[in-house]
Amino acid sequence: MPRWRCFPPVHSALPAGALSSAFVSRSGQRAELALSNAQKALSARYPQHDLLLLQSGTAALQLALTATRGSLPNPCVALPAYACPDLGTAAIGAGFTVALYDVNPVTLQPDQQSLVAALQFGATHVVAAHLFGRLVDVPALMHAAQQFGAVVIEDAAQHAGGTLHGTRGGALAPISILSFGRGKGINAGAGGALLWNKEALGEFAPAIEPAAPALKHLLVASAANALSHPWLYALPNAIPALGLGQTQYHPPQPARSMHGSAAALLYAALEAEPEILQARRRVEQWYDHELATMPQLKCEILPGCVSGALRYPVRLTPAQGQPLTRLGVARSYPRTLAEYPQIRDVVTHSPATPGATHLAATLHTLPTHALLSDTDRQAIVRCITES
């Protein structure tokens, strides 16, 4: 492969004309119309939930924790030890301590014994986090939490259109959050949503700050969309300061509304989702077939789950994965949550988490997006099977 041909790990192209629509929706009546259209389109996917559009999925989770904290003197949220550090950011922003629970490295499901231990410790809340479009068993997790009176929040930031027994990710719990960042299945460049049913939060009217200026979002979204091309991606990927492909801790920020330009991109992305989702699923099925003789590498999908196929998770050694980085194969979360100093400071229950530790050391994801050709994907599989 030519030196300057390089692929991002995940990519959802912005539909044609979406950026121009976003530009004219930065403020005023155009912004209000864009927000209304995005709200209606998203509500059609979640008719049993009310929803609030925000500037990020992290802000949505922080707000969900704050809204359900009530008068608890010592709120504590149980988080999967293998997950995006933004979960810790939201917990810190909401004033919670953290109890960690382990993750099964074969299924990516919560380790039930470890989860119960966190609840016995005193966790008042539990976050169920989907990974790579593969859904966790939220009903089973809710059953365990119910016995301790704990609140369950579904983190559907990575559900990517996946379903469990026909129910879309984000609709499996009374309270859930979505994300529309560049690495998610629905790409609006930024943004998130808090979803809830009235039984969970009643008439919920949180105080949130106005949207941030939209120009920076538009510039970043435009640049990311253009530079994700295989002949251009090597340039930003070679600049360490951009942190592409790196998992970093971000400090909490006040919850803000989504701005109109992100809403315009969200509406366009929702319109384009079905076709993109089907294409990703076809790639996932192809990987399944090509890696059928190496089941020890693959992560099992929960029975009843139809994956959103955001990425294809496999367990590789660093030596196996490193030669494939230019083809978009990437480590996902190379550290457990307990290894981030900022999160560790608020962790009050940190048992041994061998599953999460194993995943941090070995889990890589194969790209499912449309930028790769059949030849590119064949090169990935050939390198894995021959290593």
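What counts and how
Residues numbered from 1 in each chain as written. Predicted model: local features only at pLDDT ≥ 70, side-chain atom pairs only at ≥ 80, totals over all residues. Heavy atoms only, no water. Salt bridge = Lys/Arg side-chain N within 4 Å of Asp/Glu carboxyl O. Helix = DSSP H or I, 4+ residues; strand = E, 2+ residues; numbered from the N terminus. Buried < 20%, exposed > 50% of the residue type's maximum accessible area, 1.4 Å probe, protein only. Core = buried A, V, L, I, M, F, W, Y, C linked by side-chain atoms within 4.5 Å. Contact = heavy atoms within 4.5 Å. Phe/Tyr/Trp six-rings, centres within 6.5 Å; stacked < 30°, edge-to-face > 60°. Pairing = 2+ DSSP bridges. Right-handed = clockwise from strand over helix to strand, strands pointing away. Axes fitted to C-alpha atoms, helices over the stretch in contact; angles between N-to-C directions.

Draft legend 1. Up close: the pattern of salt bridges. With the rule as written, the count across this model stands at 7 salt bridges. With a shortest N-O distance of 3.0 Å, Asp 376 and Arg 5 are connected by a salt bridge. Placement of the pair is Asp 376 in helix α14 (residues 374-386) and Arg 5 in the segment before α1 (18-23), with a sequence separation of 371 residues. A salt bridge links Asp 288 to Lys 298; the shortest N-O distance between them is 4.0 Å. Taken together, the positions of Asp 288 in helix α10 (residues 260-290) and Lys 298 in the loop between α10 and β10 (305-306) put the pair 10 residues apart, joining distant regions of the chain. Owing to a relative accessible area of 30%, Asp 288 belongs among the partly exposed residues under this scheme. Here the salt bridges share partners, and the residues they tie into one network are Arg 45, Arg 168 and Glu 273.

Draft legend 2. Structural view of the nonpolar core. In this structure, Tyr 82 and Leu 194 are the most contacted members of the largest nonpolar core, which totals 46 residues. With 5 residues, helix α3 (residues 57-67) is the largest single contributor of residues to this core. Not counting residues up to four positions away in its chain, the partners in contact with Leu 194 are Asp 50, Leu 51, Leu 52, Leu 54, Ala 60, Leu 63, Ala 64, Ile 175, Ser 176, Ile 177 and Phe 204. If you look at the next biggest cluster of nonpolar residues, it comprises 28 residues, including Leu 14, Leu 218, Leu 266 and Ala 269.

Draft legend 3. Region of the structure containing the packing of aromatic side chains. In total, this model carries 3 aromatic pairs according to the counting rule given. With a centroid separation of 5.4 Å and 70° between ring planes, the pair formed by Tyr 82 and Tyr 333 is classed as edge-to-face. Here the residue Tyr 82 occupies a position in the loop between β2 (76-80) and α4 (86-93), and Tyr 333 occupies one in the loop between β12 (330-331) and α12 (341-344), the gap between them amounting to 251 residues. Looking at Tyr 82, the relative accessible area reads 1%, which means it is buried. Seen from their ring centres, Trp 286 and Tyr 287 are 5.6 Å apart, and the 65° between their planes marks the pair as edge-to-face. In this structure Trp 286 comes out as partly exposed when scored by relative accessible area, which is 26%. Residue class for Tyr 287 comes out buried when judged on its relative accessible area of 0%.

Draft legend 4. Representation of the sheet that holds strand β7 (residues 167-168) in the model. If you walk across this open sheet you meet the 3 strands as β7-β6-β10, and the pairing is antiparallel. At either end of the open sheet lies a strand with only one pairing partner, and these are β7 and β10. Sheet topology note: the strand β6 (residues 163-164)/β7 ladder contains 2 bridges and is antiparallel. Residue pairing across strands places Leu 164 opposite Thr 167, the latter belonging to β7.

Draft legend 5. View of the pairing of strand β4 (residues 125-129). In terms of burial, β4 is a largely internal element, 5 of the 5 residues being buried. Neither face of β4 is exposed, since His 125, Val 127 and Ala 129 on one face and Val 126 and Ala 128 on the opposite face are all buried. On the question of chirality, the crossover connecting β4 to the parallel strand β5 (residues 151-155) by way of helix α6 (residues 138-146) is right-handed.

Draft legend 6. The side chain of His 159, seen in detail. Take His 159: it is sitting in the loop between β5 and β6. With sequence-adjacent residues up to four places away left out, His 159 is seen in contact with Tyr 46, His 130, Gly 133, Leu 135, Arg 168, Gly 169, Leu 178 and Gly 308.

Draft legend 7. Representation of the sheet that holds β12 within the structure. The antiparallel open sheet is built from 3 strands, whose spatial order is β11-β14-β12. Edge positions in the sheet fall to β11 (311-315) and β12, since each of these pairs with one other strand and no more. As defined by bridge partners, β11 adjoins strand β14 (residues 363-367) across 5 bridges and the pair is classed as antiparallel. When the bridges of β14 are listed, Val 314 appears paired with His 364. This element, helix α13 (residues 354-362), spans β11, β12 and β14 of the sheet and lies at about 50° to β14.

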